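Given next are the chains, with one letter for each unit.
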Amino acid sequence: MSLGKYSFLNDSSIQRNRAQFILNQNTRDERYTVPSANLYPYQWNWDSGFAALGFAHFDLRRAMLEIKTLFSGQWENGMLPHILFHSKKREGYFPGPAYWRSDLVQHAPKTLPTSGISQPPVHGFILERLYKLHPQSEELKDFVRYMFPKILKLHEYYYTQRDPLKEGLVYIFHPWASGRDNSPLWDDLVKRIEVDKSALPAYERFDNKKADPSERPSDRDYDVYVYLMEMAKKLAYDGLAIAQSSPFMIQDTLFNSALIRSNEALIQLGQVLGKDIGQVQEWQEESKRAYQQKLWAKELGVFAPYDMRAEKHIGLKEIGGYTPLFSGIPNDHQASLLKQEIAKISSSKHEFRLMPSFDPFDEIFDPKRYWKGPIWPQMNWLVYQGLKRYGFDLEAQQVKWDFLELVDKLGFYEYFDPRKKVADQLPHGYGGDKFTWTAAVFLDLTAEE
Ligand code: GLC
């Protein structure tokens, strides 16, 4: 691919300085980052994984501390919550600590309030990436030894509490756990879930006041989100109990890819450090096989999440369906079909940048709205790594450079419009500004140049 049009690289050092500045500015108590100061004022789970990736390029200690702080919120049963509420200040966020009441849960940390759902388990592969970047650091080696059992425990939680049929695939009970909060994937299911509004607690949204409401989920969707949280809370967030009754029970593509790729990282790191990896190897073999078979939606030619209640795939093409490339799951046939899909998007007359979070040829595609179409930094990172793994270098480069170009033109925003003509006329990106994982992914991808 010609890099001519990406001449901004000449001053990429300026942008890299900006990215570092954002990570430092989003740091709180010198030990963790918030995703974005205005919109998300606490520590988020997978955001912190990516933050560590960014810090690893200029402050390895800080990278380690980010992960260490995140795991200070790990529950005794291994669960790692999607939000840690380190700050006691009321910062206008719903659902905050007063909603989740983790203090009433036996396994939860006693002094640190947390949420009761989780997010894609990126920690294993992020740790591995840190190790690859700094193979000589003894301090990092010690840190990997320290983290290994904690990440193992997290995976054990998934395999024992979130895989009720013992298939090797774990389920989520809330759209937010997927990391792709209001993806069209969940739309039909969310519509089908009946909510008795009078049974819901009174709550006030802040997300649609701090960001453009046309880019945020609808009120009716929000009621369902609260309904699912209520259900989980009543069951003390117990994975097996929730599996008995939840109307939302999904074996998600991204979530399971991340778990499998992190298993692989644990296996590799465990070998280097002389750890017992027998159990992870067993999980891994079963999970890879189950994923490749059960989550492949043959009629679509992509991977798709499986709805365990309806006992069928959610038949839509979206970004999570491309993430198994990163985990080495697809066979050659599946991989070449995924590549074809990507080629279709990039060569279409609408001139999209890669990689839209949702199928741009579907009528519900919405290039402005959150997970319904925009390009997300961390997703491009995952898809880029996956394409590289399979030797699809041209596509990989495009996924990477399209993202870098967007940041260069539109700033370190949360997500971006995939339509070239539109994005090129915009003054900035969408959602939150000075975003942690945008800065982090930018640092990692430009470090390769
Ligand atoms: C949104 C995203 C989620 C992310 C969070 C904080 O909720 O959907 O993936 O972790 O923001 O950035």
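Nothing here was measured: the structure is a model prediction, and the numbers come from that model. (Residues numbered from 1 in each chain as written. Predicted model: local features only at pLDDT ≥ 70, side-chain atom pairs only at ≥ 80, totals over all residues. Heavy atoms only, no water.)

When you look at the overall build of the protein in this model, what are you seeing that I'm missing?
Within the protein, the regular secondary structure consists of 17 helices and 9 strands. Here the protein has a C-alpha radius of gyration of 20 Å; the compact-globule value for 449 residues is 22 Å, and the two agree. In terms of overall dimensions, the protein has C-alpha extents of about 55 × 55 × 45 Å along its principal axes. Buried residues in the protein amount to 62% of all 449 residues. Taking the 56 positively charged and 59 negatively charged side chains of the protein as two groups, their mean positions are separated by 2 Å. (Helix = DSSP H or I, 4+ residues; strand = E, 2+ residues; numbered from the N terminus. Rg over C-alpha atoms; globule rule 2.2 N^0.38 Å. Buried < 20%, exposed > 50% of the residue type's maximum accessible area, 1.4 Å probe, protein only. Lys, Arg positive; Asp, Glu negative; His and termini not counted. Charge placed at Lys NZ, Arg CZ, Asp CG, Glu CD.)

Please clarify how the sheet that holds strand E8 (residues 306-307) should be interpreted in this entry.
One key point about sheets: their strands pair by backbone hydrogen bonds, in either a parallel or an antiparallel sense. One open sheet accounts for 3 strands, arranged E5-E8-E9; its pairing is antiparallel. The sheet is open, and its two edges are formed by strand E5 (250-251) and strand E9 (312-313), each paired on a single side. (Pairing = 2+ DSSP bridges.)

Help me out: how do you make sense of the site of the ligand in this one?
Close to the ligand lie Pro35, Tyr40, Trp44, Trp46, Asp47, Gln119, Gly179, Asp181, Tyr370, Trp371, Phe435 and Trp437, which account for all nearby residues. The side chain of Tyr40 places a nitrogen or oxygen atom 3.3 Å from an oxygen atom of the ligand. For the ligand, an oxygen atom lies 2.6 Å from a polar atom in the side chain of Asp181. Burial of the ligand by the protein chains amounts to 98% of its free accessible area of 310 Å². When atom positions are compared with the pocket grids, the ligand is found to occupy the largest cavity. Split into classes, the residues belonging to the shell around the ligand amount to 8 nonpolar, 2 polar and 2 charged. (Near = heavy atom within 4 Å. Polar contact = N/O pair within 3.5 Å; in protein donor to acceptor, adjacent residues only side chain to side chain. Areas by Shrake-Rupley, 256 points an atom, 1.4 Å probe, with all protein chains shown as cover. 1 Å grid on protein atoms, 1.4 Å probe; cavity = no way out; pocket = protein on both sides within 12 Å on 5 of 7 lines; lining within 4 Å. Sits in = over half its atoms within 2 Å of the grid points. Nonpolar A, V, L, I, M, F, W, Y, C, P; charged D, E, K, R; others polar.)

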